[in-house]
Amino acid sequence: MSDASEWTTAVHHSAQQLTDLCEQLKRAPVTDRLHALAILNQAFGGLYDCAQREAITAARQEGWPLRRIAGALNCSHEQVRLLIS
């Protein structure tokens, strides 16, 4: 992607790091693997929820309809409606 912005480059880099981490976890003892996954789930779940709500709010402030937001998020407009209610 030749016209990648700084943030898209960072997102792709982080995604690759997570993929690499998952490969490394396959070699970890089961207890450590499960514990690490629980930590990741908690951290990223909260981060994702917050970032998603902020992005939806920003899109709504720019006048985006629910269906357009839903298309960008790959979900239904009803799911978006529930997220902002």
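Residues numbered from 1 in each chain as written. Predicted model: local features only at pLDDT ≥ 70, side-chain atom pairs only at ≥ 80, totals over all residues. Heavy atoms only, no water.

> Go over the pattern of salt bridges with me, naming the residues and quoting the values.
Inspection of the entire model under this criterion finds two salt bridges. Between Glu23 and Lys26 there is a salt bridge, with the nearest N and O atoms lying 3.0 Å from each other. Given the relative accessible area of 40%, Glu23 is considered partly exposed. Across the pair Glu78 and Arg81 runs a salt bridge, and its minimum N-O distance is 2.7 Å. Remark: Arg81 and Glu78 occur in helix H4 (residues 77–84); sequence separation between them is three residues, near one turn of the helix. For Arg81, a relative accessible area of 37% gives the class partly exposed. (Salt bridge = Lys/Arg side-chain N within 4 Å of Asp/Glu carboxyl O. Buried < 20%, exposed > 50% of the residue type's maximum accessible area, 1.4 Å probe, protein only. Helix = DSSP H or I, 4+ residues; strand = E, 2+ residues; numbered from the N terminus.)

> Describe in detail the packing of helix H2 (residues 30–61) against H4, supporting the description with residues and values.
At a minimum axis distance of 10 Å, the contact between H2 and H4 shows a crossing angle of 100°. The orientation of H2 with respect to H4, classified from their angle, is roughly perpendicular. Between H2 and H4, the residues in contact are Gln52, Arg53, Ile56 and Arg60 and Val80, Leu83 and Ile84, respectively. Class assignment for the residues of the contact of H2 with H4 results in four nonpolar, one polar and two charged. (Axes fitted to C-alpha atoms, helices over the stretch in contact; angles between N-to-C directions. Parallel < 35°, antiparallel > 145°, perpendicular 65-115°, else oblique. Contact = heavy atoms within 4.5 Å. Nonpolar A, V, L, I, M, F, W, Y, C, P; charged D, E, K, R; others polar.)

> Residue-level account of H2, with values.
Helical geometry note: an α-helix holds 3.6 residues per turn, so side chains three or four residues apart project in the same direction. In a regular helix each residue adds 1.5 Å, so 32 residues correspond to 46 Å; H2 covers 46 Å between its end C-alpha atoms and thus fits that length. All of the buried residues along H2 are Gln52, Ile56 and Ala59. Positioned one or two residues after H2, Gly63 has a phi angle of 90°, which is positive. (Expected span 1.5 Å × (residues − 1).)

> Can you lay out the nonpolar core for me, pointing to particular residues and giving the numbers?
Grouped together as the largest cluster of nonpolar side chains are six residues: Ile56, Ala59, Leu66, Ile69, Ala70 and Val80. Those elements giving two or more residues to this core turn out to be H2 and helix H3 (66–73). With three residues, the single largest contributor to this core is H3. (Core = buried A, V, L, I, M, F, W, Y, C linked by side-chain atoms within 4.5 Å.)

> Tell me about the packing of aromatic side chains, and please be specific about residues and values.
For the coordinates displayed, the defined rule picks out zero aromatic pairs. The ring of Trp64 carries Arg68 above its face, with NZ or CZ at 3.7 Å from the centroid. (Phe/Tyr/Trp six-rings, centres within 6.5 Å; stacked < 30°, edge-to-face > 60°. Lys NZ or Arg CZ within 6 Å of the ring centre and 35° of its normal.)

> Explain the packing of H2 against H3 to me, using residue names and the numbers behind them.
At their nearest, the axes of H2 and H3 sit 10 Å apart, and the two run at 140° to each other. The element H2 and its partner H3 pack so that their crossing is right-handed. Contacts between H2 and H3 pair Gln52, Ile56, Ala59 and Arg60 from the former with Leu66, Ile69 and Leu73 from the latter. Partitioning the contact of H2 with H3 into residue classes produces five nonpolar, one polar and one charged. (Left-handed = near helix turned anticlockwise from the far one by under 90°.)

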